Amino acid sequence: MLEATAVEAAATRPDARLRFDQRILLLALAAGFPAALVALVLLWTGDYTPKVQWTLTVFIIGVWTGCSFSVRHRVVLPLQTLSNLLAALRESDFSIRARGASGDDPLGAVMLEVNVLAATLHDQRLGALEAGALLRTVMVEIDVAVFTFDGGRTLRLVNRAGERLLAQSAEDLLGRTADDLGLGGCLAGPSPRIEDVAFAGGSGRYEVRRTTFRQEGRPHQLLVLADVSRPLRDEERQAWQRLIRVIGHEINNSLAPIKSIAGSLESMLAREQMPDDWDDDMRRGLAVIAARSDSLSRFTTAYARLAKLPAPKVQMVNVQALVRRIASVETKLPVMIEPSPDLDIRADPDQLEQLLINLVHNACDAALQTGGGVTVAWRREGRAFELWIDDEGSGLTNASNLFVPFFTTKPGGSGIGLVLSRQIAEAHGGSLTLENRTDRRGCRAFLRLPF
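Quantities reported herein were computed from a predicted structural model and do not represent experimental measurements. (Residues numbered from 1 in each chain as written. Predicted model: local features only at pLDDT ≥ 70, side-chain atom pairs only at ≥ 80, totals over all residues. Heavy atoms only, no water.)

So, the overall build of the protein
Next, step 1: Looking only at helices and strands, one finds twelve helices and twelve strands in the protein.
Next, step 2: Relative to its full complement of 451 residues, the protein shows a buried share of 30%.
Next, step 3: Counting only contacts in the protein whose residues sit at least 6 apart along the sequence, the fraction spanning at least 24 positions is 56%. (Helix = DSSP H or I, 4+ residues; strand = E, 2+ residues; numbered from the N terminus. Buried < 20%, exposed > 50% of the residue type's maximum accessible area, 1.4 Å probe, protein only. Contact = heavy atoms within 4.5 Å.)

Shown next, in the form of structure tokens:
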């Protein structure tokens, strides 16, 4: 209230009606007025002729007013230059610069700062234009449908993939609501999610992602629809190919000797005169057939176990007690447990025990080949539980086939231990990785689970 009163009082004063340049001129005239007055008094009271008096009077008044106008000009001209520079910046014209800008003069310092400001704004605007051009290019070329809706769920932006998905041009789509376009359901529900949707330009399984942002102070929604049908079909086809290749290889390995031995026994029985050792040949042949049949049966049982992993039944599990129990039953070599915190985690104790048994067993097999040792340690890292098993074996030579079902380099191995272990880890929302150690020779199995 006091500030408003002061402003109104200032507006009613006579000098408040004057412009800045007029006030500068009046101040300059007032500064030179005493000297001019004294000179005129001395001139007109002295013993001078009228011609001299009038001539000097005109000269004094001319110098007085000329210097005052010169002061006004020297003050107003730089301000007008600054005004023009700021107006150019407001109009986004960053090419104009002030001359005579230097840091050793107050006014020159102001000019210098304005020039620096213009250069900074020029660089920022250039960067914004380049970023905007890149964003527009990405929006046009990306094979993902992108839509932007305002607070009233009206479409404000769509890219080329979105036009193809809805089978309409951007001119026909912009300004329409999400419900009119059939996108109302995509703006509700959890995000991200996989959903089966159908549009005029295509149908299938889409990943729906939605987020909010603000533009010009108003809330907007960004909707992204990514077609995952083709990648899923490709992954499914590759999985079937790998499965058929593995199953076919194992079945052929069992059926080929069975077929060969069965043919040999059949030809032997077709003879008129049986050899003296035919019963031994028959027993050996039937034993091979039985062994290969058992091998094929174990293969199918292992695959059924891998394919029918039940959902984990989580409960509180003490990590230290579990690891000590697993280390105590390992008979190949002693397992060292490094000092680690006493932690309880939520997990399926049976599945987690099977996972750790597989990892410890593999680590001991690797360490036995080189005479090394095996150590186990764990910790809590933020909101995650981390456990690692280090061995001093020969390390990994080919990590690409580690998690391929039924692939094994150990004699008599089933090839499902690591695959089953990783499935257990992922069923708990975690991950399992194997990599060569960096501190010494050997391998590290790294288990990470949500705490």
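So much for the structure itself; the text now carries on.
A few points about the pairing of strand 8 (residues 344-347)
Next, step 1: Burial of strand 8 is one-sided: the residues Ile345 and Ala347 facing one way are buried, the residues Asp344 and Arg346 facing the other way are not.
Next, step 2: One ladder, built from four bridges, connects strand 6 (residues 315-318) with strand 8; its direction is antiparallel. Opposite Asn318, over in strand 8, you have Asp344 as the bridge partner. (Pairing = 2+ DSSP bridges.)

With respect to the packing of aromatic side chains
Next, step 1: Tallied over the entire structure, the rule returns three aromatic pairs.
Next, step 2: Ring centres of Trp44 and Trp54 lie 5.1 Å apart, and the angle between their planes is 80 degrees; this geometry places the pair in the edge-to-face category. In this pair, Trp44 sits in helix 2 (residues 20-45) while Trp54 sits in helix 3 (residues 50-90), placing the two residues ten residues apart along the sequence.
Next, step 3: On the accessibility criterion, Trp44 (38% relative accessible area) is partly exposed.
Next, step 4: Overall, the relative accessible area of 54% leaves Trp54 in the exposed class. (Phe/Tyr/Trp six-rings, centres within 6.5 Å; stacked < 30°, edge-to-face > 60°.)

Things to note about the sheet that holds strand 4 (residues 202-215)
Next, step 1: Reading across from one edge, 2-1-5-4-3 is the order of the five strands in this open sheet, with antiparallel pairing throughout. Either end of the sheet is taken by a strand with one partner, and the two such strands are strand 2 (155-158) and strand 3 (193-199). Taking the axes of each pair of neighbouring strands and ignoring which way they run, one obtains an average angle of 35 degrees across the sheet.
Next, step 2: Bridge analysis of strand 1 (residues 145-149) against strand 2 gives three bridges, and the strand direction is antiparallel. The residue of strand 2 that forms the bridge with Thr148 is Leu157. (Axes fitted to C-alpha atoms, helices over the stretch in contact; angles between N-to-C directions.)

Notes on the sheet that holds strand 12 (residues 443-450)
Next, step 1: Strand order in this open sheet of five strands is 7-9-10-12-11, and the pairing throughout is mixed. Each of the sheet's edge strands pairs with one partner strand only, and the pair in question is strand 7 (335-337) and strand 11 (431-436). Sheet twist, expressed as the average angle between the axes of neighbouring strands with direction ignored, equals 20 degrees.
Next, step 2: Relative to strand 10 (residues 384-391), strand 9 (residues 374-381) runs antiparallel, the two being bridged by eight bridges. Note on strand 10: the bridge partner recorded for Trp378 is Leu387.

Description of the packing of helix 10 (residues 319-329) against helix 11 (residues 349-370)
Next, step 1: Put simply, helix 10 and helix 11 touch, their axes get as near as 10 Å, and they point 45 degrees apart. Comparing the axis directions of helix 10 and helix 11 gives the class oblique. Read as a crossing pair, helix 10 and helix 11 show a hand that is right-handed. Residue-level inspection shows Leu322, Val323, Arg325 and Ile326 of helix 10 in contact with helix 11, the latter providing Leu352, Glu353, Leu356, Ile357 and Val360.
Next, step 2: Looking at side-chain class alone, the contact of helix 10 with helix 11 contains seven nonpolar, no polar and two charged residues. (Parallel < 35°, antiparallel > 145°, perpendicular 65-115°, else oblique. Left-handed = near helix turned anticlockwise from the far one by under 90°. Nonpolar A, V, L, I, M, F, W, Y, C, P; charged D, E, K, R; others polar.)

Comments concerning helix 3
Next, step 1: Counted at 1.5 Å a residue, the expected span for helix 3 with its 41 residues is 60 Å, and the 59 Å between its end C-alpha atoms agrees.
Next, step 2: Listed in full, the buried residues belonging to helix 3 are Gln53, Thr57, Ile60, Ser68, Val76, Pro78, Leu82, Leu85, Ala88 and Leu89.
Next, step 3: Each element contacted by the buried residues of helix 3 is listed here: helix 2 and helix 4 (106-141).
Next, step 4: Ser92, located one to two residues past helix 3, shows a positive phi value of around 65 degrees. (Expected span 1.5 Å × (residues − 1).)

Looking at the nonpolar core
Next, step 1: Counting residues in each nonpolar core, the largest one holds 35 residues, and the members touching the most others are Leu356, Leu387, Ile389 and Leu447.
Next, step 2: Residue contributions to this core peak at eight residues, all from helix 11.
Next, step 3: Leaving out residues up to four positions away in the same chain, Ile389 has contacts with Leu359, Val360, Ala363, Val374, Thr375, Val376, Cys443, Arg444 and Ala445.
Next, step 4: Ranked by size, the runner-up nonpolar core spans 20 residues in total, among them Phe147, Ala178, Leu187 and Phe199. (Core = buried A, V, L, I, M, F, W, Y, C linked by side-chain atoms within 4.5 Å.)

Remarks on the side chain of Asp150
Next, step 1: Examined against the element boundaries, Asp150 turns out to sit in the loop between strand 1 and strand 2.
Next, step 2: Residue Asp150 is classed as buried on the basis of its relative accessible area of 13%.
Next, step 3: Here the side chain of Asp150 touches Gly152 through a polar contact of 3.0 Å, landing on its backbone nitrogen. (Polar contact = N/O pair within 3.5 Å; in protein donor to acceptor, adjacent residues only side chain to side chain.)

Overview of the environment of Val76
Next, step 1: Locating Val76 in the fold gives a position in helix 3.
Next, step 2: Val76 gets classed as buried once you look at its relative accessible area, which sits at 12%.
Next, step 3: Considering only alpha carbons, one finds Val76 and Gln22, 54 residues apart in sequence, at a separation of 10.0 Å.

Considerations on unusual backbone geometry
Next, step 1: A positive phi is found at Arg153, a non-glycine position, where the angle reads about 60 degrees.
Next, step 2: For Ala167, which is not glycine, the phi dihedral falls at a positive 55 degrees.
Next, step 3: Its location among the elements puts Ala167 in the loop between helix 5 (160-166) and helix 6 (170-173).

Observations regarding the pattern of salt bridges
Next, step 1: Per the counting criterion, the structure on display carries 15 salt bridges.
Next, step 2: The closest approach of N and O atoms between Asp150 and Arg156, which form a salt bridge, is 2.8 Å.
Next, step 3: The partner of Glu386 in a salt bridge is Arg379, and the shortest N-O contact between them spans 2.8 Å.
Next, step 4: On the basis of relative accessible area, Glu386 is assigned to the buried category, the value being 4%. (Salt bridge = Lys/Arg side-chain N within 4 Å of Asp/Glu carboxyl O.)

In short, geometric facts, not functional conclusions.
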